[in-house]
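Each chain is listed here by its residues.
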Amino acid sequence: MTYQNEWRPRFSVSPHRSSYVVDGRPVAVDNLSVRTMNFGQHWRTPGIVEVRYEVILPGAYAVALLEQDWVEVVEDGQRFLSPEHPLDQALRALGWPEPARALADPATAHLLIDFFAHELLLRWFDDGVPTAAPGFVLNTVDEFRMAGTDVWIAGRARPELPGVNHAFQD
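These figures come from a predicted structure and were not determined experimentally.

Asker: It is not clear to me how helix H3 (residues 86-93) should be interpreted in this structure. Could you clarify?
Answerer: Residue pairs three or four apart in sequence face the same way in an α-helix, which turns once every 3.6 residues. All of the buried residues in H3 are Leu87, Asp88, Ala90 and Leu91. Taken down its axis, H3 places every buried residue within 165° of arc, on the same side. Contacts made by the buried residues of H3 are with helix H2 (59-79), helix H4 (99-104) and helix H5 (106-125). Phi turns positive, to about 80°, at glycine 95, one or two residues after H3.

Asker: Explain the packing of H3 against H5 here, please?
Answerer: When two helices pack together, their arrangement is given by the angle between the helix axes and by the axis-to-axis distance. Contact pair H3 / H5: the axes reach a minimum separation of 9 Å and the direction vectors enclose 140°. When the interaxial angle is binned, H3 and H5 end up oblique. Here H3 and H5 pass one another in a crossing that is left-handed. On H5, the residues that touch Pro86, Leu87, Ala90 and Leu91 of H3 are Thr108, Leu111, Leu112 and Phe115. Class assignment for the residues of the contact of H3 with H5 results in 7 nonpolar, 1 polar and no charged.

Definitions and limits used
- Residues numbered from 1 in each chain as written.
- Predicted model: local features only at pLDDT ≥ 70, side-chain atom pairs only at ≥ 80, totals over all residues.
- Heavy atoms only, no water.
- Buried < 20%, exposed > 50% of the residue type's maximum accessible area, 1.4 Å probe, protein only.
- Helix = DSSP H or I, 4+ residues; strand = E, 2+ residues; numbered from the N terminus.
- Arc of directions from axis to C-beta.
- Contact = heavy atoms within 4.5 Å.
- Axes fitted to C-alpha atoms, helices over the stretch in contact; angles between N-to-C directions.
- Parallel < 35°, antiparallel > 145°, perpendicular 65-115°, else oblique.
- Left-handed = near helix turned anticlockwise from the far one by under 90°.
- Nonpolar A, V, L, I, M, F, W, Y, C, P; charged D, E, K, R; others polar.

Structure (structure tokens):
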């Protein structure tokens with residue numbers, strides 16, 4: 001699965017901004033990838049020590065990614081409107097807005113990021129092995145918020161260690 005060539009070049013220059021911090025230190029985008037399968041589950045490989053990551057992704061990227069499937073998101077929300085689904089209710093309360101307007105509303109933005117955080121990470125960083133060392137594989141989303149018009153996401157990652165085979169949760 002390769003998404004990064006589709007998205008990052010479009011949002012890699014000013015006025016867009018992005019930043020990547022792992023274990024308190026800035027890293028380059030090529031040092032990161034995302035765990036696709038079993039995202040959020042514990043590592044079964046003995047000795048994995050996870051570290052904290054924080055990334056800022058351009059808000060314009062989040063809007064563009066959401067726009068790609070927005071018609072279906074809205075149609076599903078309208079067709080299968082559920083009083084138990086907070087995102088459906090928030091979008092309905094705003095009159096089924098476009099993604100930029102939905103992300104501008106703090107409560108709706110929180111629900112959207114919660115729902116789409118893994119997809120935002122996956123399409124920005126790609127899955128697999130990071131292309132630069134030291135590499136890190138993002139595995140959880142523990143915190144998220146809008147940072148102005150951009151998206152801030154934090155969680156846990158594991159170092160990519162050459163020659164170590166990783167066991168995955170079944």
